[in-house]
Amino acid sequence: MGALRCLIDAMVFDEIVAEPDMTATVDRLTSARRLELLAAAVAIEQIAATPEVAHRKALQRVRVLVAPPPDPDDAPTSVLLAVLAASSGVGFDDALIATTAALQQVPLVTEDRALRDAVGRELPGVPLWRWSEDLRPRILTLAAERPVPPRYR
């Protein structure tokens, strides 16, 4: 069975670090290749811009694979980016995140209502997940199925 794969937006990083032990659980599952959390390059830039140092460092400890950005020279991609970015409440960064999920063919995990609405309308083939209802339970199930021993330093 392959790894659980999805793309998370910057808000989901906050959800992960808000729970005690969740960062460590994600780290163990990604190390064991049972979980692949993808992030768009723009989400990594947003996290790097977090002003509070301790919070920024906590967010940066969430282990993700950085997905390549969409090719702006690809005509269908640039049209999709423009359509998403023109949606009410959706900026260009959000459009990049959604388009990255579509190109990677993975669920998009976001709590952003405007982005969820736009993706549901413009990218109906992209599964939309929420942290608490979708990704978190899947992570906990993975961790319980075959617990990964903690890494010792």
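Description of the structure in this document. The model shown is predicted, which means the values in this text are computed figures rather than measured ones. (Residues numbered from 1 in each chain as written. Predicted model: local features only at pLDDT ≥ 70, side-chain atom pairs only at ≥ 80, totals over all residues. Heavy atoms only, no water.)

## Some points on the nonpolar core
No. 1: If you look at the biggest cluster of nonpolar residues, it comprises 23 residues, and the most contacted ones within it are Ile8, Phe13, Ile16, Leu35, Leu37, Leu135 and Ile139.
No. 2: For this core, the elements supplying multiple residues, two or more each, are β1 (4-8), α1 (10-18), α2 (22-31), β2 (35-40) and α8 (131-145).
No. 3: Excluding anything up to four places from it in sequence, Leu37 contacts Cys6, Ile8, Ile16, Val26, Val62, Arg63, Val64, Leu65 and Leu135.
No. 4: Counting 22 residues, the second-largest nonpolar core is a separate cluster that includes Ala40, Val42, Leu84 and Val119. (Core = buried A, V, L, I, M, F, W, Y, C linked by side-chain atoms within 4.5 Å. Buried < 20%, exposed > 50% of the residue type's maximum accessible area, 1.4 Å probe, protein only. Helix = DSSP H or I, 4+ residues; strand = E, 2+ residues; numbered from the N terminus. Contact = heavy atoms within 4.5 Å.)

## Describing the side chain of Asp134
No. 1: Here Asp134 is to be found in helix α8.
No. 2: Within polar-contact distance, the side chain of Asp134 engages the backbone nitrogen of Arg130 at 2.8 Å.
No. 3: Setting aside residues no more than four positions away along its own chain, Asp134 makes contact with Leu128 and Trp129. (Polar contact = N/O pair within 3.5 Å; in protein donor to acceptor, adjacent residues only side chain to side chain.)

## Let's talk about the pattern of salt bridges
No. 1: Counted according to the given criterion, the structure contains six salt bridges.
No. 2: The shortest N-O distance in the salt bridge between Arg138 and Asp134 comes to 3.8 Å. Taken as a pair, Arg138 and Asp134 lie in helix α8 at a separation of four residues, close to a single helical turn.
No. 3: Since its relative accessible area comes to 34%, Arg138 is described here as partly exposed. (Salt bridge = Lys/Arg side-chain N within 4 Å of Asp/Glu carboxyl O.)

## Quick notes on helix α3 (residues 41-48)
No. 1: The complete set of buried residues in α3 reads Val42, Ala43 and Ile47. Burial along α3 is one-sided: seen end-on, the buried residues are contained in an arc of 145°.
No. 2: In this structure, the buried residues of α3 make contact with α1, β2, α4 (53-60) and α6 (92-104). (Arc of directions from axis to C-beta.)

## So, the packing of α3 against α6
No. 1: With their axes 8 Å apart at the nearest point, α3 and α6 run at an angle of 135° to one another. What the angle tells us is that α3 and α6 run oblique. Along its contact with α3, which presents Val42, Ala43 and Gln46, the element α6 presents Asp93, Leu96 and Ile97.
No. 2: Grouping the constituent residues of the contact of α3 with α6 by class yields four nonpolar, one polar and one charged. (Axes fitted to C-alpha atoms, helices over the stretch in contact; angles between N-to-C directions. Parallel < 35°, antiparallel > 145°, perpendicular 65-115°, else oblique. Nonpolar A, V, L, I, M, F, W, Y, C, P; charged D, E, K, R; others polar.)

## A few points about the sheet that holds strand β5 (residues 128-129)
No. 1: An order of β3-β2-β1-β4-β5 is seen for the five strands of this open sheet, with the pairing classed as parallel. Lying at the two open borders of the sheet, with one neighbouring strand each, are β3 (65-67) and β5.
No. 2: As paired strands, β1 and β2 are joined by four bridges and run parallel to one another. When the bridges of β2 are listed, Arg5 appears paired with Glu36.
No. 3: Relative to the sheet, α1 contacts β1, β2 and β4 (108-109), its axis offset from that of β1 by approximately 115°.
No. 4: α3 rests against β2 and β3 of the sheet, and its axis sits at about 80° to β2. (Pairing = 2+ DSSP bridges.)

## Re helix α5 (residues 75-85)
No. 1: Where α5 is concerned, the buried positions are Thr77, Leu80, Leu81 and Leu84. Buried residues of α5 fall within an arc of 100° about the axis and therefore sit on the same side.
No. 2: Structurally, α5 contributes buried residues whose contacts are with α6 and α7 (113-122).

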